[in-house]
Amino acid sequence: MMNATLSGRNVYEDFQLESDVLYFKLGSLGLVSFHGSNYNIKKRMTAEELKQLTSGENGFFQVSSHCYINIGKIKSITGGIIYFGPEYSETKQLPVPRRKQYVIQKLFTQRAINNELRITP
């Protein structure tokens, strides 16, 4: 049996933050848990890397004190749950506080509007 990757890169060693990661959680002593569509990767990071990661410039929004979500990867938000794929499926889901849900929905729609404006010739 042949074992080949389609993209030619190993997601576990070389993942792109904005395109591969759905959300990440900060742990103790610089341990960060990255969650993708079909994987979880734990990686130890320096204080400088953590500061850059949590700065908000990379499209991630802070949902709780230790959890950040990728606004560009959200498919829907319903009843306090963020879906990163079709609703009511086996894809990753993340509960979100109701007070944060409104802000995330505004960011989500604003990002969708901005992307539509860029696509239009």
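Along each chain, residues carry numbers from 1 onward, in the same order as the chain's sequence is written. Local features in this predicted model are restricted to residues whose pLDDT is 70 or higher, and side-chain atom pairs enter the listing and the counts only when it is 80 or higher, whereas totals over whole chains, interfaces and linings include all residues. To obtain the side-chain values, all non-hydrogen atoms of the structure were used and water was disregarded.

Student: Pulling in residues and values, what's your account of the overall build of the protein chain?
Tutor: Each helix is a run of H or I in the DSSP string that is no shorter than four residues. Each strand is a run of E no shorter than two, and both are numbered from the N terminus. Along its length, the protein chain carries three helices and eight strands. Ordered by position from the N terminus, the helices and strands of the protein chain form the series α-β-β-β-α-β-β-β-β-β-α. Relative accessible area decides the class of each residue, using a 1.4 Å probe on protein chains only: under 20% of the type maximum gives buried, over 50% gives exposed, and in between gives partly exposed. Across the 121 residues that make up the protein chain, the buried fraction comes to 33%. Any pair of residues with heavy atoms lying within 4.5 Å of one another is described as a contacting pair. Taking all contacts inside the protein chain whose residues are at least 6 apart in sequence as the whole, residues at least 24 apart take part in 42%. Note that accessible areas follow from Shrake-Rupley with a 1.4 Å probe, and for residues the cover is restricted to the protein chains shown. Approximately 8400 Å² of the protein chain is accessible, and the part contributed by carbon and sulfur atoms is 53%.

Student: Break down the sheet that holds strand E3 (residues 40-44) for me, with residues and values.
Tutor: Here the rule is simple: two strands pair whenever DSSP picks up at least two bridges between them. With respect to topology, five strands assemble into an open sheet ordered E3-E2-E1-E5-E4, the strand pairing being antiparallel. Of all the strands in the sheet, just E3 and strand E4 (60-62) have a single pairing partner and so form its edges. When strand polarity is set aside, the average angle formed by the axes of neighbouring strands in this sheet is 20 degrees. Comment: axis = line fitted to C-alpha atoms, over the contacting stretch for helices; angle = value between 0 and 180 degrees taken between N-to-C directions.

Student: Quick rundown of a nonpolar patch on the surface? Include the residues and the values.
Tutor: On the surface, Tyr102, Val103 and Leu107 cluster together to form a nonpolar patch covering roughly 270 Å² of accessible area. Looking at the element boundaries, Tyr102 is found in helix H3 (residues 98-119). For patches, a residue must show more than 30% relative accessible area and have no salt bridge; joins then use 9 Å for like charges and 5 Å for nonpolar side chains, namely Val, Leu, Ile, Met, Phe, Trp and Tyr. Each salt bridge in this description consists of a side-chain nitrogen of Lys or Arg and a carboxyl oxygen of Asp or Glu lying within 4 Å of one another.

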